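Chain by chain, the residues run as shown.
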Amino acid sequence: MRLAALVPFALIAGLSLPAYAGTITIEGHGEVMAAPDMAQISSGVTTQGATAREALDANTRAMAELIAELKADGIEARDIQTSGFSVNPNYVYTDERDANGYSLPPKINGYQVSNTVTVTVRQLDKLGTILDKSVTVGANTINGVSFSVADPSELYNEARKAAFADARAKAELYATAAGGALDEIVSISETQGFNNPQPYPMYARADMAASAPVPVEAGELAFAINVNVQWELDAGAK
């Protein structure tokens, strides 16, 4: 009697089960290219002096002139930020030794003061001129230029759509090859990628003061999304 009772239940349970065959997880990639609309430059002044005070005073004058020139070119105060400041002695090493044969300690031969500002340029057509004028008024270190987009949210949204479409197309291909079809989405996760050209160093020369504006090429930036999507897989669909 127990066996007979179990058989109908098993048949009913088997008929009510969906044609579910697990899950499939696929990664999709979406990428959108766009021209940058802003740039950041790291610019500053390094000065030397017999004393720390002398080096600092020279640096202060040069930096004040640099900042004034940047503001005169339309750079707002909020877009100029001090990013580095240092005062260091210049050491002179010698091969001389004392009476006991020990090397003599290095001597201080003046001081060096460095002051650096990070400048955000929101009008790229002015970038070359700003670089040139910065050197003209005394900036002797320009550590790099990097480009970006002020608001990349819509670019990332377009990349998300492309990434999901890529994942779904590949998932449907696998599901069809397995003799099934995609069912409900189980989960979605993403990672962002941003291909920003590396900042490149620029070194000032005295003869740049009378030169033409520095040629600058902004190129394009890649805004990428990688998405992982997991679907239920219906193996009963043909």
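Before any of the text, the structure's been laid out above.
Cut-offs used in this document
- Residue positions within a chain follow its written sequence, with the count starting from 1.
- This being a predicted model, a pLDDT of at least 70 is required before a residue's local features are given, and a value of 80 or more before pairs of side-chain atoms are given or counted; all residues contribute to the totals for chains, interfaces and linings.
- Note that water and hydrogens are dropped before the side-chain values are worked out from all heavy atoms of the structure.
- Only DSSP runs of H or I with at least four residues qualify as helices, and only runs of E with at least two residues qualify as strands; both kinds are numbered from the N terminus onward.
- Think of it in three bands: with a 1.4 Å probe and only protein chains considered, a residue is buried below 20% of the maximum accessible area for its type, exposed above 50%, and partly exposed in between.
- Contact definition: two residues touch when any of their heavy atoms are within 4.5 Å.
- Here, Shrake-Rupley sampling with a 1.4 Å probe gives the accessible areas, and only protein chains in the shown set may cover a residue.
- Pairing between two strands is assigned when DSSP locates at least 2 bridges connecting them.
- Here, expected helix span is obtained from the residue count minus one, scaled by 1.5 Å.
- Stacked, tilted and edge-to-face pairs are distinguished by plane angle, under 30 degrees for stacked and over 60 for edge-to-face with tilted covering the rest, among Phe, Tyr and Trp rings (Trp via its six-membered ring) whose centres lie within 6.5 Å.
- Salt-bridge detection follows one rule: a side-chain nitrogen of Lys or Arg within 4 Å of a carboxyl oxygen of Asp or Glu.

## Focus on the overall build of the chain
Move 1: The number of helices and strands found in the chain is four helices and eight strands.
Move 2: For the chain, the sequential pattern of α-helices and β-strands runs α-β-β-α-β-β-α-β-α-β-β-β.
Move 3: For the chain, the residues scored as buried account for 30% of the 238 residues in total.
Move 4: Considering only contacts within the chain whose residues lie at least 6 apart along the sequence, 85% involve residues at least 24 apart.
Move 5: Summed over its atoms, the accessible surface of the chain is roughly 14500 Å², and 55% of this surface lies on carbon and sulfur atoms.

## What to know about the pairing of strand β4 (residues 107-121)
Move 1: As judged from the eleven bridges shared by strand β2 (residues 38-49) and β4, these two strands associate in the antiparallel manner. Considered in β4, the bridge of glycine 44 is made with threonine 116.
Move 2: Looking at chain direction, strand β3 (residues 80-92) and β4 are connected through eleven bridges and run antiparallel. Note that in β4 the partner of valine 92 across the bridge is lysine 107.

## Overview of the side chain of serine 134
Move 1: With respect to the helices, strands and loops of the structure, serine 134 is situated in helix α3 (residues 127-136).
Move 2: Exposure remark for serine 134: the relative accessible area of 2% places this residue in the buried category.
Move 3: Ignoring anything within four residues of it in the chain, the contact list for serine 134 reads Ser43, Leu66, Leu70 and Ala139.

## What to know about helix α4 (residues 153-177)
Move 1: Helix length check: α4 (25 residues) gives 36 Å between terminal C-alpha atoms against 36 Å at 1.5 Å per residue, within 8%.
Move 2: Among all positions in α4, only Leu155, Tyr156, Ala159, Ala163, Ala167, Ala171 and Ala175 are buried.
Move 3: In the segment just after α4, glycine 179 is the residue with positive phi, at about 80°.

## Structural notes on α3
Move 1: Along α3, seven of the ten residues are buried, which leaves the element largely enclosed by surrounding structure.
Move 2: The set of residues buried in α3 consists of Leu127, Gly128, Ile130, Leu131, Asp132, Ser134 and Val135.
Move 3: Note on α3: the residue one or two positions beyond its end, glycine 138, has a positive phi of about 130°.

## Points about the packing of aromatic side chains
Move 1: Within this structure, the stated rule accounts for two aromatic pairs.
Move 2: On the numbers, 5.5 Å between centres and 85° between planes, the contact of tyrosine 156 with phenylalanine 223 is edge-to-face. One end of the pair, tyrosine 156, is in helix α4; the other, phenylalanine 223, is in strand β8 (residues 221-234), with 67 residues separating them in the sequence.

## Thoughts on the environment of glutamate 27
Move 1: As for its placement among the helices and strands, glutamate 27 is situated in strand β1 (residues 20-34).
Move 2: Separated by 203 residues in the primary sequence, glutamate 27 and glutamine 230 place their C-alpha atoms 8.9 Å from one another.
Move 3: Non-local contacts of glutamate 27, meaning those with residues more than four positions away in its chain, are made with Asp166, Ala167, Lys170, Asn226, Val227 and Asn228.

## Observations concerning the pattern of salt bridges
Move 1: In the structure shown here, the tally under the stated rule is nine salt bridges.
Move 2: Of the charged contacts in the structure, one is a salt bridge between aspartate 57 and arginine 53, with a shortest N-O distance of 3.0 Å. Of the two residues, aspartate 57 and arginine 53 are both situated in helix α2 (residues 52-72); the distance of four residues between them amounts to about one turn of the helix.
Move 3: Among the salt bridges present, the one from glutamate 69 reaches lysine 133, with a minimum N-O distance of 4.0 Å. Taken together, the residues glutamate 69 in helix α2 and lysine 133 in helix α3 connect sequence positions 64 residues apart.

Distances and angles like these do not, on their own, reveal function.
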